[in-house]
Amino acid sequence: MLQVSQSADNGLNHPRLGLVVSKKTAKRAHERNYMKRVIRDWFRLNKNSLPPHDFVVRVRLAFNRQNAAEARNQLAQLMRKR
């Protein structure tokens, strides 16, 4: 569902987030915006526990309110893995 790439230390004292949600993943803009909003909110709540790296999150499969919790869990695993 999600793919996360991260850089080495970014030289700052805080992590940064980049998002990629293509039209291929979700045709409607409000669907893409919802996915970005969920990811940004998770990042905002957890950025204090993340290393100072640059993270790029790419949404591979669309998710909605019914399976957003699954996307959050996957994001937590992918961000803390390295």
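This text gives an overview of the structure that appears in the document. Remember, predicted model here, so these are calculated numbers, not experimental data.

**Looking at the overall build of the chain**
Logical step 1: Across its full length, the chain holds two helices and three strands.
Logical step 2: Relative to the compact-globule value of 12 Å for 82 residues, the chain shows a C-alpha radius of gyration of 12 Å, a close match.
Logical step 3: Along the three orthogonal principal directions, the C-alpha set of the chain runs to about 35 × 20 × 20 Å.
Logical step 4: A buried classification covers 35% of the 82 residues belonging to the chain.
Logical step 5: Contacts in the chain between residues at least 24 apart in sequence constitute 83% of all its contacts with a sequence separation of at least 6.
Logical step 6: In the structure as shown, the chain presents an accessible area of about 5,500 Å², 46% of it carried by carbon and sulfur atoms.
Logical step 7: A gap of 6 Å separates the mean positions of the 18 positive and 5 negative side-chain charges of the chain.

**Quick word on the pattern of salt bridges**
Logical step 1: Applying the stated criterion across every chain, the model contains two salt bridges.
Logical step 2: A salt bridge links Arg 16 to Asp 54; its shortest N-O distance comes to 2.8 Å. Remark: Asp 54 occurs in strand S3 (residues 53-59) and Arg 16 occurs in strand S2 (residues 16-20); sequence separation between them is 38 residues.
Logical step 3: For Arg 16, a relative accessible area of 40% gives the class partly exposed.
Logical step 4: Of the charged contacts, one joins Arg 44 and Asp 41 as a salt bridge, the two residues approaching to 2.6 Å between their closest N and O atoms. In this pair, Arg 44 and Asp 41 both sit in helix H1 (residues 29-46), three residues apart, roughly one turn of the helix.

About the cut-offs
- Residues numbered from 1 in each chain as written.
- Predicted model: local features only at pLDDT ≥ 70, side-chain atom pairs only at ≥ 80, totals over all residues.
- Heavy atoms only, no water.
- Helix = DSSP H or I, 4+ residues; strand = E, 2+ residues; numbered from the N terminus.
- Rg over C-alpha atoms; globule rule 2.2 N^0.38 Å.
- Buried < 20%, exposed > 50% of the residue type's maximum accessible area, 1.4 Å probe, protein only.
- Contact = heavy atoms within 4.5 Å.
- Areas by Shrake-Rupley, 256 points an atom, 1.4 Å probe, with all protein chains shown as cover.
- Lys, Arg positive; Asp, Glu negative; His and termini not counted.
- Charge placed at Lys NZ, Arg CZ, Asp CG, Glu CD.
- Salt bridge = Lys/Arg side-chain N within 4 Å of Asp/Glu carboxyl O.

Distances and angles like these do not, on their own, reveal function.
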